[in-house]
Amino acid sequence: MLKSDYSLYLLLFIIPFSAGITYLYYRKVIIAKPLKYLLSGLRFLFITLMLFLFLNPVITYINESEYRPVNIFLIDVSASMEISGKDSFINNQILPSLPSPSDENKFFLFSEDLQEEYKGDIQKNFNGKAENKKSDLSKTLSSLGKLFSPDEISTVTVISDGIFNSGENALINAELLGSKINYILVGDTANFKDRAISGINFNKISYTKSFPVVTVNIFSKGIPGKIDVKLFEENKLVETKEAVTVQNINDYSVSFFLPNSNEGVYKYTVEIPNVTGELTPKNNKEVFYIKRIDITPDVLVLGGGPDADYAFFTEEIKKLKNINVKFLTQKSAESYYEGDLSDLSKFNCLIFFGYPGKLTSENDISLIKSKLEKNIPIIFFNSVTTDIEKLKNFVDILPFKIETGSLSYSQSAIRFLSNKEERFSFLNGIENFPPLLVESGSLSFKPDTEILLVSSGGVPVYGIRNSNIKSSGFTAYGLHKWKLNKGNYDYEKAFSGIITETINLLLEPKRSRPLNIETSKFVYNKSERVKFFADVREDYINADKKVKINGIGTGESFTLELNGNAPGEFSGLFEITKEGDYSYEADYEAIGNEILRDKGRFTIGEDNFEYRNLLPDNKLLNYLTLLKGGKNLTGLSSTEISEYLKTENKPVFKKVRYDDIFAFGSNLYFLLFLILLISLEWFIRKKYNLP
């Protein structure tokens, strides 16, 4: 088949055009007719073929074949499938009930991605392979979509325990795959018994003078009684806390408050006791590291003017030892009691307390906005001194919108949304504090803001916006009542916690350091490659230098240079075969030959991430079946499954493939032929002395 970028009907114009040009060229040439015909033919053929090239012609071979869509079976071989004999159950019970592998039924293994096609021995894939530890169904479906088009797939059947703990939302790639998805759930949910550390929430980097919160999430099913949760620092017991299980509730959490400490990287271990009859003890222990840095954030407090709340605020914030605070309280337009706004560059965070006020000038507002445009976090506290119209200048940075210029307030108790992060658990019981004056709702928090406190009527009062634009807001006022009304509550703990944790969340301590080094996780499996990541702050980048790492651990030392991915970003991989704890130091030669250093630690052992929650879960699998009308095949007999697949098989279709076998414009022989034509004509003309 001949095809081109333009219509081949243009040849009907090219041929007479070439003939006309040739005729005009040779009509007055006096020469023997045979020779004249030969030269005219050469010139006509050359002009025609040259014009033909402008059409970009290609000779294409059409290959048409019949194709029968296939049923695809995806077998989960991640680490969680080894527990309680799920792998044997697949091999001995499920696979015999399915059609045999053939051209119409293809079987693939998967864990973190689609793996090789199943060849009949699934057991060899459950040998603690590092690459099989996690399960990512989203990436698996994406890879499957690259191997097969939607027309080539009749159905996809996922054979799994439903525990998918890596990757993005599988629903997106399932939709792109465009095929019906069925599933067979593996595992016993009725008689399930296990306890596990299902997750730990903490800041990987914190200040030496802060009191980091470590929240341990516990999963317990089928095993009643209390759970002693122990936290160790460098193998020394720090504290034990108790979680008491309740019938029909599986998820629990306890929080530990770490004391301040010296600069360094500290190893922490969380343990819960092994219990007879539980599914596995592998998920009863978890190791992590926290880097403490000796940097004290500089915070500027801008007050709209003296009032009772501001006096309470300044008194309490001065008690905090983990931040350096400077106050500027509005005195008159462009003047403050404590100084001026001449130098804002040294501050890491700004706190507006009733600011801007009625006396705040437009020049000061512009100066502060230019500072905030550099992504400096802002914390806002409402007060009677706040000028709402002037506050609108900062609405793009604040965590809330301002719906109107006149606000109305009513007295209300406030309460903590306890389903939020446990790091704010010091706010528990805040509903017993004296009521505050709560704005009716004209200050409405933006959708990407996490709400932590609300009024008794549910109106948001305090939220943190920890996105690209970092800010927080406390829209109620009357805080001084917390101190005046002595009651059975700890207002100092609540207030200091709000300030400290908000600053820690918004500042991200690692941003204050010129060099930061870390690994992709804290615990690696033996023979799994350790992934290092480093970033250098923009003002220290030296384009010709790399980050160098020197490490040492259990009888093994290593050195490594990280490769640059982007300006200031570096990464590298290294394989360590001996189990144990490892520490490392990174060096980077910055501009001006300054040597930047940072440290880190990791462990080679057993990564129990896949074991955090082993309860078979078909929620995601059910959602996938609803997309295109798939089915739960769990428990069906081989006959029932075969009959179902027959009804879902798509008809045979013809698949046409076009193979370009001759492109005129890029074919060397064709171009040489054109040169030969024009050269031959030239040679003959010269021989007979033609002009």
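What you see as residue numbers is a count from 1 along each chain, following the sequence as written. Per-residue local features are limited, in this predicted model, to residues with pLDDT of at least 70; the limit for side-chain atom pairs, both in listing and counting, is 80 or more; totals at the level of whole chains, interfaces and linings are taken over all residues. The side-chain numbers reported here are obtained from all heavy atoms of the structure, hydrogens and water having been left aside.

### Considering the packing of aromatic side chains
Right, on to step 1. For Phe, Tyr and Trp, where Trp contributes only its six-membered ring, two rings pair if their centres lie within 6.5 Å, and the inter-plane angle classes them as stacked under 30 degrees, edge-to-face over 60, or tilted in between. Counted according to the given criterion, the structure contains 32 aromatic pairs.
Right, on to step 2. Where phenylalanine 108 meets phenylalanine 148, the ring centres are 6.3 Å apart and the plane angle is 75 degrees; that geometry is what we call edge-to-face. Remark: phenylalanine 148 occurs in the loop between α4 (137-147) and β6 (153-160) and phenylalanine 108 occurs in strand β4 (residues 105-110); sequence separation between them is 40 residues.
Right, on to step 3. Note on classification: 1.4 Å probe, protein chains only; a residue is buried when its accessible area is under 20% of the maximum for its type, exposed when over 50%, partly exposed between these limits. According to the relative accessible area criterion, phenylalanine 148 is buried, its value standing at 10%.
Right, on to step 4. With a centroid separation of 5.2 Å and an interplanar angle of 65 degrees, the aromatic rings of phenylalanine 352 and tyrosine 355 are classed as edge-to-face.
Right, on to step 5. With relative accessibility at 0%, the residue phenylalanine 352 sits in the buried group.
Right, on to step 6. Owing to a relative accessible area of 0%, tyrosine 355 belongs among the buried residues under this scheme.
Right, on to step 7. Through a chain of ring-to-ring contacts, three or more aromatic side chains come together here, namely Tyr310, Phe312, Phe313, Phe353, Phe381, Tyr462, Phe474 and Phe495. Think of it this way: any DSSP run of H or I at least four residues long counts as a helix, any run of E at least two long counts as a strand, and we number them from the N terminus.

### A closer look at the pattern of salt bridges
Right, on to step 1. Salt bridge, as used here: a side-chain nitrogen of Lys or Arg that lies within 4 Å of a carboxyl oxygen of Asp or Glu. According to the stated counting rule, one finds 23 salt bridges in the structure shown.
Right, on to step 2. As a salt-bridge pair, glutamate 104 and arginine 68 come within 3.4 Å of each other at their nearest N and O atoms. With glutamate 104 in the loop between α3 (86-94) and β4 and arginine 68 in the loop between β2 (58-67) and β3 (70-76), this residue pair connects regions lying 36 residues apart in the sequence.
Right, on to step 3. Here glutamate 104 falls in the partly exposed class, since its relative accessible area comes to 35%.
Right, on to step 4. On the basis of relative accessible area, arginine 68 is assigned to the partly exposed category, the value being 45%.
Right, on to step 5. Put simply, lysine 628 and glutamate 175 hold a salt bridge, and the shortest N to O gap is 3.4 Å. Linking lysine 628 in helix α11 (residues 619-628) with glutamate 175 in helix α5 (residues 170-177), this pair joins segments that are 453 residues apart in sequence.
Right, on to step 6. On the basis of relative accessible area, lysine 628 is assigned to the partly exposed category, the value being 34%.

### Focus: the confidence of the model for the protein chain
Right, on to step 1. Per-residue confidence from the predictor is reported as pLDDT, a score between 0 and 100. Summing up the model confidence of the protein chain, the mean pLDDT is 85 and the portion of residues at 70 or higher is 92%.
Right, on to step 2. Within the model, pLDDT remains below 50 along residues 128-132, and this stretch shows 15 contacts once partners closer than five positions in the same chain are excluded. Pairs of residues are marked as contacts when any of their non-hydrogen atoms sit within 4.5 Å.

### As for a nonpolar patch on the surface
Right, on to step 1. A cluster of nonpolar side chains, contributed by Leu668, Tyr669, Leu672 and Ile675, occupies part of the molecular surface with about 480 Å² of accessible area.
Right, on to step 2. Residue placement: tyrosine 669 occurs in helix α13 (residues 668-687).
Right, on to step 3. The exposure class of tyrosine 669 is exposed, given its relative accessible area of 66%. Two distance rules govern patches: like charges are joined within 9 Å, and nonpolar side chains (Val, Leu, Ile, Met, Phe, Trp, Tyr) within 5 Å, applied only to residues with over 30% relative accessible area and no salt bridge. Here the Shrake-Rupley method, with its probe set to 1.4 Å, supplies the accessible areas, and only the displayed protein chains count as covering residues.

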